[in-house]
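In case you want the letters, here they are:
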Amino acid sequence: MTPDRADRADGAPLPVVLTLSESELAGDAAALDAAWRDRPGLWGWLTAVDHKSIGRRYIITAFLMFLAGGIEAALMRAQLARPENTLLGPDRYNQIFTTHGTTMMFLFAVPMMTAMGLYFVPLMVGARTVAFPRLNAFGYWTYVVGVVFLYVSLFANTGPDAGWFAYVPLSGPQYSPGHRVDVWAQVVTFTEIAALCAAVNVIVTVFKMRAPGMSLNRIPLFVWAQLVVAFMIVFAMPAVATGSTLMLATDRAVNMHWFNPAEGGDALLWQHMFWFFGHPEVYIIFLPALGMITPIVETFCRRPVFGYTAIVMANITTAFFAFGLWVHHMFATPIPELGESLFTAASMVIAIPTGVQIFCWIATMWLGRARLTVPMLFVLGFIFTFVNGGITGVMLASVAFDKQAHDTFFVVAHLHYVLLGGGVMPLFGAFYFWFPKVTGRILNATLGKVHFWLFLIGVNVTFFPMHILGLEGMPRRVYTYLAPTGWGPLNLVASIGAVTIALSVLVFLINAIRSWTHGEPAGENPWDSSGLEWAVPSPPPSYNFLHSPVVRSRHPLWDTDVELPVVTGLRTDRKEVLITSTFDAMPDSRHSSPEPSIWPAYLALCMGVVFIGSIFSPYYVLGGLGLSMIGLFGWGWQSSKRIESELVAVPNGAMVERA
Amino acid sequence: MKPLRPTADAAALPSVTFGQRSMMWWGTLGFMTIEGWTIALLVAAYLYLRQNYVAWPPLRTPNPSLLIPTINLALMLVSIVPVWITARAAARLDTAAVKRWLVLTCIIELPILVLRWWELWALNTRWDTTAYGSAAWTIVGFHTSLLLFDVLDTYGLTLFYFLRRQPVKTFSDTADNSFYWYFTIGIWIPIYLIVYVGPRIA
């Protein structure tokens, strides 16, 4: 390990400590735990900044949202199971399908994928925490405010009812009086803020906190996917935040005219703003899921993935193309023909990088010795289901076909094949794979197989018939249909499929709860996997790594023989993290990491006052901003606490010690 | 657990760094990107709405006034000087100079914020008259929120320096505060040209 000499004032290499005794190691662990552990009790819970506590909460909250969205889906399927059913009236049905879409996209899928990153990225890059632990907590609490707001509103019969993409003019002040659409617009704001905080955190963690030696070409593929997605979030989320908060909400609250054609506004502008976010959103969900597949395939095929560089390039290419196809959601609007051709081409081209990734995994399975464990079953289920969804996506990229299928159940079938196949299946695989790391116990494999088969069958039985229903002309978002349409039998089949999905999720829940308390103890590395997250105990201690690991290959645990090389010398009496250079990951500095803090939760509440209050009166906005001043001051004051001595690298290269 | 083999000792590495060696600099850059991109999207929407009108500004709306915005732009450009000197003083860890120049920065930043109020009215239209008014108000309004946040950050930092002796890390944060100010002013230049000057030449 040669540190970057240019980073040192005297140009000398870092000294090497040759041995550490057992007692030194044990002493370090106790001191580190005292420094890094969140405080106990309710206060400790509110002030927690450990990325694992926040990540775990995020994952559990997002999973609860998956269940809530699932219950809404079940209600819709119950309503549609036979013609002219009266279980849900049109108004209730509108609220349910809008809340289902909003929940699944904004409160389950994106938060779940970012949460997996916030939990695992630091562990995978060998860091003690994320770059900005308080920002992380703030993001989580902001998200919780959004969750609570949506569901309180739904139960108060004020649930949003204009669809998850809230098209104007339907969602505008004229056609949606009352506060239902306002709820939607602000829920979106909360989840956008949370996602942006997570994205900045992931980017800086990956750029500055990688283990020494983890150069760009050694970053684990899950981390690469999270990094690419973080960049996508930075460029996609502002579009919908602008559209919903600065345009739609202001049109509704203070009579702006963004979307009012009578005053020069433009309804299509909303579709551009929404889909410029909305299409990359699909890949924001999908790329992290693909990132989860690689370690699973590598581990259970016992070989490095085929085509590492190709997969990284495919991720980056997908991210670029994802921003160039939003107009394919708007083929039914009057857009120029040249535009249609361009977006058709782009929509087809994006299938190529995804195909590259799938072929890389198939090659890995081909060349390795695949073991059909539960995570691997989900990977195979992903390939089967997702490829089907991808193919209907290529069909929909054709304008002529799209105009026929637009707003029919064909689109519903397509998007659920893509999202359940491409997002949820890898996610379930990842749950089975990493559950031992998070909880210290292994999920039961027999129940896991029952879960997998029920889920695979359920997804296909539910959504395959919808292709046919769509081709037969059944529009989406109708609360019922007449018997002579002949859509009854296929709808019943789809509803039976939905019951099967519900059963599969129930099996998973029972398995998770039972295994968390009574499962087989996992140990450190139950699958003999290669990533750094498996080098720490399960569940990981508060400080993650006793000493910062040093990485010399893409598979640190497979390629180091007996001993794990580490960098020593970080403080054990207070929180300190190792910062490395951006490209080569050479040790550069040590930064202190913040203590537990109430200000993130407080500021998230203030944001709640600002954005929820903005629906009712501008005075709430001013009041909320005033209250957040206290929070910002507290936050800054906590950061500016003196520490006993600091070794400073001033920009001219000199090193100064300040007591 | 695999036995650990120490290969290097990090104790001699610095605990405070400046610029792109520090995490906060990267975090600031991240939020600048998000905010800059939001402004870019708003400007794109402004130009998109332009296509819906024959005349711009529409319906006999007067052009935006230039006097106050131009004075404020000049003030903003001048403000870069003390902000830059503050960053340099912070890099030298010179507490006295940082305090002095932060106070001066506070003095010059305040009128910029106050003038912003008249700058909004210099648009010569209201947000609820036409889509043109909505777009212009939103762009300038959003930039005002960035300006307000940065001014508050500067005031908070200055207060901290006077309330208690600051850790050296605060010097690095002070340099990042300057970095953010360059962005806030830099991004205003195209807004000034598009929103205030643009209608006269469009």
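Predicted, not measured: the structure shown is a model, and the values here were computed from it.

Along chain A, the regular secondary structure elements total 19 helices and eight strands. Taking 659 residues into account, the globule formula puts the C-alpha radius of gyration at 26 Å, and chain A, at 25 Å, falls close to it. Judged by the C-alpha coordinates and their principal axes, chain A covers about 80 × 60 × 50 Å. Within chain A, the fraction of its 659 residues that count as buried is 57%.

The peptide bond linking Ser538 of chain A to Pro539 of chain A adopts the cis configuration, its omega dihedral lying at -10°. With respect to the secondary-structure elements, Pro539 of chain A resides in the loop between strand S2 (520–521) and strand S3 (548–549). Put simply, Trp56 of chain B and Pro57 of chain B share a cis peptide bond, and its omega is 5°. Inspection of the secondary structure assignment puts Pro57 of chain B in the loop between helix H1 (23–50) and helix H2 (67–91). Positive phi, normally seen in glycine, also occurs at Glu84 of chain A, with a value near 50°.

Before going further, it helps to spend a moment on the sheet that holds strand S4 (residues 564–568) of chain A. Taken together, the three strands give an open sheet; going across it, the order is S3(A)-S4(A)-S1(B), and neighbouring strands pair in mixed fashion. The open sheet terminates on both sides in strands that have one partner only, identified here as S3 of chain A together with strand S1 (4–9) of chain B. One ladder, built from two bridges, connects S3 of chain A with S4 of chain A; its direction is antiparallel. Following the sheet pairing, Ser548 of chain A is matched in S4 of chain A by Val567 of chain A.

Counting residues in each nonpolar core, the largest one holds 244 residues, and the members touching the most others are Met232, Ile233 and Ile284 of chain A. When residues of this core are assigned to their parent elements, the largest contribution, 21 residues, is made by helix H7 (residues 221–254) of chain A. Ignoring anything within four residues of it in the chain, the contact list for Ile284 of chain A reads Val110, Met113, Val229, Met232, Ile233 and Ala236 of chain A. By size, the runner-up hydrophobic cluster in this structure holds 19 residues, among which are Val650 of chain A together with Ala87, Ala90 and Phe171 of chain B.

All names here are of chain A. Pairing geometry for strand S7 (residues 646–649) and strand S8 (residues 655–658), over four bridges, is antiparallel. Opposite Glu646, over in S8, you have Arg658 as the bridge partner. Connecting the antiparallel pair S7 and S8 is a turn made up of five residues, with Gly653 showing a positive phi of about 105°.

This paragraph deals with the interface of chain B and chain A. Taken residue by residue, the interface counts 56 residues in chain B and 72 residues in chain A. Within the residue set of the side of chain B that touches chain A, elements represented by two or more residues are S1, H1 and helix H4 (131–163) of chain B. Element by element, the count of residues in the side of chain B that touches chain A is highest for H1 of chain B, at 14 residues. When the residues that make up the side of chain B that touches chain A are grouped by side-chain class, the tally is 34 nonpolar, 15 polar and seven charged. Relative to S1 of chain B, S4 of chain A runs parallel, the two being bridged by five bridges. Among the inter-strand pairings, Val566 of chain A is bridged to a residue of S1 of chain B, identified as Pro6 of chain B.

What follows concerns the confidence of the model for chain B. Predicted confidence across chain B gives a mean pLDDT of 93, with 99% of residues reaching 70 or more. Across the whole predicted complex the pTM is 0.95, and at the interface the ipTM reaches 0.95.

For the rest of this paragraph, the subject is the packing of helix H4 (residues 90–124) of chain A against H7 of chain A. Residue and element names in this part refer to chain A. Remark: H4 packs on H7, axes separated minimally by 10 Å, with the N-to-C direction vectors making an angle of 130°. Taken as axis vectors, H4 and H7 run oblique relative to one another. Remark: the crossing between H4 and H7 carries left-handed chirality. Mapping the contact onto sequence places Gly117, Phe120, Val121 and Met124 in H4 and Phe222, Val223 and Gln226 in H7.

With that out of the way, let us pick up helix H10 (residues 337–349) of chain A. Counting along an α-helix, one turn takes 3.6 residues, and residues three or four places apart therefore face a common direction. Residues and elements named next belong to chain A. The end-to-end C-alpha distance of H10, which contains 13 residues, comes to 18 Å, matching closely the 18 Å that a straight helix rising 1.5 Å per residue would cover. All of the buried residues along H10 are Phe343, Thr344, Ala346 and Ser347. Projected onto a plane normal to the axis of H10, the buried residues spread over an arc of 165° and lie on a single side. Seen from the open side of H10, the exposed residues pointing more than 90 degrees away from its buried face are Glu337, Leu338 and Ser341. Each element contacted by the buried residues of H10 is listed here: helix H9 (308–322) and helix H13 (399–405).

Okay, the packing of helix H8 (residues 267–301) of chain A against helix H12 (residues 374–396) of chain A next. Residues and elements named next belong to chain A. One can describe the packing of H8 onto H12 by two numbers: an axis separation of 10 Å at closest approach and a directional angle of 125°. Between H8 and H12, the angle falls in the class oblique. Considering only the axes of H8 and H12, their crossing is left-handed. Here Ile293, Ile296, Val297 and Phe300 of H8 lie close against H12, whose contacting residues are Pro375, Met376, Val379 and Phe382. When its residues are assigned to classes, the contact of H8 with H12 shows eight nonpolar, no polar and no charged.

Cut-off values and rules
Here, residues in each chain are numbered from 1, in the same order as that chain's written sequence. Here chains are named by letter from A upward and ligands by number from 1 upward, in the order in which they appear as written. Under the rules for a predicted model, residues below a pLDDT of 70 receive no local features and side-chain atom pairs below 80 are neither given nor counted, while totals for whole chains, interfaces and linings still include all residues. A helix here means a DSSP run of H or I that spans at least four residues, while a strand means a run of E at least two residues long, and both kinds are numbered starting from the N terminus. For the radius of gyration, the atoms used are the C-alpha atoms, and the globule rule reads 2.2 Å times the number of residues raised to 0.38. Residues are called buried when their C-beta atom has 20 or more other C-beta atoms within 10 Å, exposed when it has 12 or fewer, and partly exposed otherwise; all C-beta atoms are positioned from the backbone. Note on pairing: DSSP must find at least two bridges between two strands before they are called paired. Buried Ala, Val, Leu, Ile, Met, Phe, Trp, Tyr and Cys residues whose C-beta atoms connect them within 7 Å together make up a nonpolar core. Two residues qualify as a contact pair if the distance between their C-beta atoms, derived from the backbone, is within 7 Å. In this classification, Asp, Glu, Lys and Arg are treated as charged, Ala, Val, Leu, Ile, Met, Phe, Trp, Tyr, Cys and Pro as nonpolar, and every other residue, Gly included, as polar. What pLDDT expresses is the predictor's confidence in each residue, scored from 0 to 100. Helix axes are fitted only over the stretch in contact, all axes being lines through C-alpha atoms; the angle between N-to-C directions runs from 0 to 180 degrees. Angular relationships are summarised with four words: roughly parallel below 35 degrees, roughly antiparallel beyond 145, roughly perpendicular across 65 to 115, and oblique for the angles in between. Take the far helix as your reference; a near helix turned counterclockwise from it by less than a right angle gives a left-handed crossing, and one turned clockwise gives a right-handed crossing. Residue count minus one, scaled by 1.5 Å, sets the expected span of a helix. Summarising the geometry, the arc corresponds to the directions from the helix axis toward the C-beta atoms.

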